[in-house]
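# Structural features, examined
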Amino acid sequence: MKYSYVSHLYCPKCSETYSTDAEHHLCRCGSPLLVQYDLDSLKHHLKKEQLQARNPDLWRYHELLPVQDEQYKVTLGEGMSPLLPMPELGEDMNIPKLHMKDEGTIPTGSFKARGAAVGVSKAKELGVGELAMPTNGNAGAAWSLYAARASIGSTIVMPIDAPKITRNECAVSGANLYLVNGLISDAGKIVARAVERDNLYDVSTLKEPYRIEGKKTMGIEIAEQLGWEVPDVILYPTGGGVGLIGIHKALKELQALGWIDENRMPRLVAVQSEGCAPIVEAWRKGDREAPFWENSSTVAFGINVPKALGDFLVLDALYDTDGCAIAVSEDALLEEQKTAASLEGTFVCPEGAAAFSAARTLRNKGWIQESDRVVVLNTGAGIKYPDTVQIDVPTLQPHENLYDTKENEHATN
Ligand SMILES: [Zn+2]
C-alpha cells in the first residue's frame, strides 16, 4: 500500500503536465499548477471507514497528500480542528444550523499551518535548502516555523503593517526576515527578484503547488466531521483564496472516490472586506479573472490581497457551486467579532469575523435559508491580532470598591 497516491502536476489553463519528483513552480504559460492523484486506484485500496483508526491530524489523509515517503513528513500536530455548533450566534442571525470550523486551535494559531506542514514536507522530500516567500504575516510565521522544524532555511518579506506577533514568530524561528514599506504585492516583487538572484525555493502563494494540498484538508475534515456529508454553504474569508480552491478540490476528489454524494456540493462563498474586494467585483460582473484592487486596506489583514494569482480558480469554484462573493464593511466585521465572543465565548480573528458577518448579511437577503447547514471558516485565533479590539476598562485604587468609578463600561469600541 502506497503512502501517497500522487500522480503528477497539471496546469488548469493549458493542461500541460509535470512530474512531482522535481521542483516546479508555475506552468510555462504562467498559471499555477495543481496536484493530480490516482483516485481510481485509491478507490480500490482505501475505504473511508479505515480512517477512523488513524491519528486526528491532517496526515490521516496521507494518500491524498503529495508527500511520497513518510520520513519527510514535518508535523507539529496540525489538523482536525473542531467543527463547533454555534447555537447562540446562529439564533441571533436566524441560522439554526450554524457551525464554525475553528482554525484558531492549530499550531501557529492559524490555518496557514496546514499549507506550511504539507508544503515544507514536500520541499524536504525534494531536497530544498532554503525557501522564500512574501506574506501578510500568518503564512510567513507558519512557513518559517515549519521550515525550522525541517532544518530548512527561510527568507520572509512582509508589509511593515502586518501583525507584530507574526513578525516575532518569523524572527524567533531564525528566518531571514525583512519588512517592506508597502503591500504584500510589493513584498512579492522583492521575493521574485531574490529567488532569481539567489536560487531560493519560491513558496509564494500558488507559485508552489503543494500548499493548496494542505489547505484542502479543511474540506475533507468538514465532510468527515459531518459523517461524510457536505453542508449547504461554506463561507471562507478570501485573500489569496488558496483555502477556497483547496476545499473545492477536496470535495471533487471525495466525489471521485465515492466518499460523498457526487450530486451535492456546498455553495461556496468568498468573503472579502469592502477595503479590498477584487473577487467580489469580478463575480458581480461574471468575469473569470479579478482586477488589481488599488489602495487596498482592511483590519482583516490576511485578506488584504489586491491581486491573487489564483483568482480564476476562486471564481471557477464560486460559479461551479452556485456560490457567491460578498464584501463586508470594517465596522460590521469588528461588531461581529464582539458578538461572536460575547455569545459563544470564541475570540475569532478579524477575517473569521468577516465571514460570520457575511453569513448574517446573506441570511438577511434570503440567499442563505433558515434550513441551511452553514459552515463558517474561522481562519485563525483572535489573540494573534490583539490591537483589533479597543478597550477602556476602569482602574481601581486598592481602597476602592467595584462600581466606584463612574466609567463602568468594560469594553468600548
Ligand atoms: Zn499552463
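Residues numbered from 1 in each chain as written. Predicted model: local features only at pLDDT ≥ 70, side-chain atom pairs only at ≥ 80, totals over all residues. Heavy atoms only, no water.

## Section: the coordination of the zinc ion
Protein coordination of the zinc ion is provided by Cys11 (SG), Cys14 (SG), Cys27 (SG) and Cys29 (SG), with donor distances spanning 2.3 Å. Coordination at the zinc ion is tetrahedral, judged from the 4 donor atoms that bind it and the angles of 104 to 120 degrees they form at the metal. Here the donor residues of the zinc ion are spaced in sequence according to C-x2-C-x12-C-x1-C. Of this pair, cysteine 14 sits in the loop between β1 (6–10) and β2 (17–18) while cysteine 29 sits in the loop between β2 and β3 (34–37), and the two are 15 residues apart along the sequence. Among the residues examined, cysteine 14 registers a relative accessible area of 40% and is labelled partly exposed. (Donors = N, O, S within 2.8 Å, 3.2 Å for Na, K, Ca; no water. Tetrahedral: all angles 85-135°; square planar, octahedral: opposite > 155°, others 65-115°. Helix = DSSP H or I, 4+ residues; strand = E, 2+ residues; numbered from the N terminus. Buried < 20%, exposed > 50% of the residue type's maximum accessible area, 1.4 Å probe, protein only.)

## Brief notes about the environment of threonine 105
Within the secondary structure, threonine 105 is located in the loop between β5 (97–102) and α3 (112–125). Residues threonine 105 and threonine 346 lie 241 residues apart in sequence; the distance between their C-alpha atoms is 11 Å. Ignoring any residue separated from it by four or fewer positions in sequence, one finds threonine 105 in contact with Ser81 and Pro82. A distance of 3.3 Å separates a polar side-chain atom of threonine 105 from the backbone oxygen of aspartate 102. (Contact = heavy atoms within 4.5 Å. Polar contact = N/O pair within 3.5 Å; in protein donor to acceptor, adjacent residues only side chain to side chain.)

## Quick word on helix α5 (residues 164–172)
Residues Thr166, Glu169 and Cys170 constitute the buried set of α5. End-on, the buried residues of α5 take up no more than an arc of 95 degrees, which puts them together on one face. Set apart from the buried face of α5 by more than 90 degrees, the exposed residues are Lys164 and Val172. On the buried face of α5, the contacting elements are α4 (138–149), β7 (153–159) and β8 (176–180). Two residues or fewer after α5 comes glycine 174, characterised by a positive phi angle close to 90 degrees. (Arc of directions from axis to C-beta.)

## Concerning the domain arrangement of the chain
Per the domain assignment, the segments making up the chain are domain 1 (6–75 + 110–202) and domain 2 (83–103 + 216–388). Here domain 1 meets domain 2 over a buried area of about 3100 Å², counting both sides, of which 66% is carbon and sulfur. Looking only at domain 1, the three residues that lose the most surface to domain 2 are Lys48, Phe111 and Arg114, adding up to 22% of its buried area. Linking domain 1 with domain 2 are 5 salt bridges, by the criterion used here. In this structure, the salt-bridge partner of lysine 384 is glutamate 169, at a minimum N-O distance of 2.8 Å. The interface formed by domain 1 and domain 2 includes 15 residue pairs in polar contact (both at pLDDT 80 or more). Counting residues per element, the ones that place at least two in the side of domain 1 that touches domain 2 are β3, α1 (39–45), α4, α5 and α6 (184–198). Here the side of domain 1 that touches domain 2 is composed, by residue class, of 22 nonpolar, 7 polar and 8 charged. (Domains from an automatic or database assignment. Buried area = accessible area lost by both parts, 1.4 Å probe. Salt bridge = Lys/Arg side-chain N within 4 Å of Asp/Glu carboxyl O. Nonpolar A, V, L, I, M, F, W, Y, C, P; charged D, E, K, R; others polar.)

## Examining the packing of aromatic side chains
The description of an aromatic ring pair uses the distance of the two centres, along with the angle that the planes make with each other. Applying the stated criterion across every chain yields a total of 2 aromatic pairs. Aromatic side chains phenylalanine 111 and tyrosine 236 sit 6.3 Å apart centroid to centroid with 65 degrees between the ring planes, which places their arrangement in the edge-to-face category. Of this pair, phenylalanine 111 sits in the loop between β5 and α3 while tyrosine 236 sits in strand β10 (residues 233–237), placing them 125 residues apart in sequence. Across the pair, exposure class does not vary: phenylalanine 111 and tyrosine 236 are buried alike. Look at tryptophan 228 and tryptophan 259: their rings are 5.4 Å apart centre to centre, the planes differ by 75 degrees, and that puts the pair in the edge-to-face class. Taken together, the residues tryptophan 228 in the loop between α7 (211–225) and β10 and tryptophan 259 in the loop between α8 (242–257) and β11 (267–273) connect sequence positions 31 residues apart. (Phe/Tyr/Trp six-rings, centres within 6.5 Å; stacked < 30°, edge-to-face > 60°.)

## Focus on the sheet that holds β8
Pairing is parallel in the open sheet, where 4 strands are placed in the order β8-β7-β6-β9. Of all strands in the sheet, those bounded by a partner on one side alone are β8 and β9 (201–202). As paired strands, β7 and β8 are joined by 5 bridges and run parallel to one another. Residue pairing across strands places valine 157 opposite tyrosine 178, the latter belonging to β8. (Pairing = 2+ DSSP bridges.)

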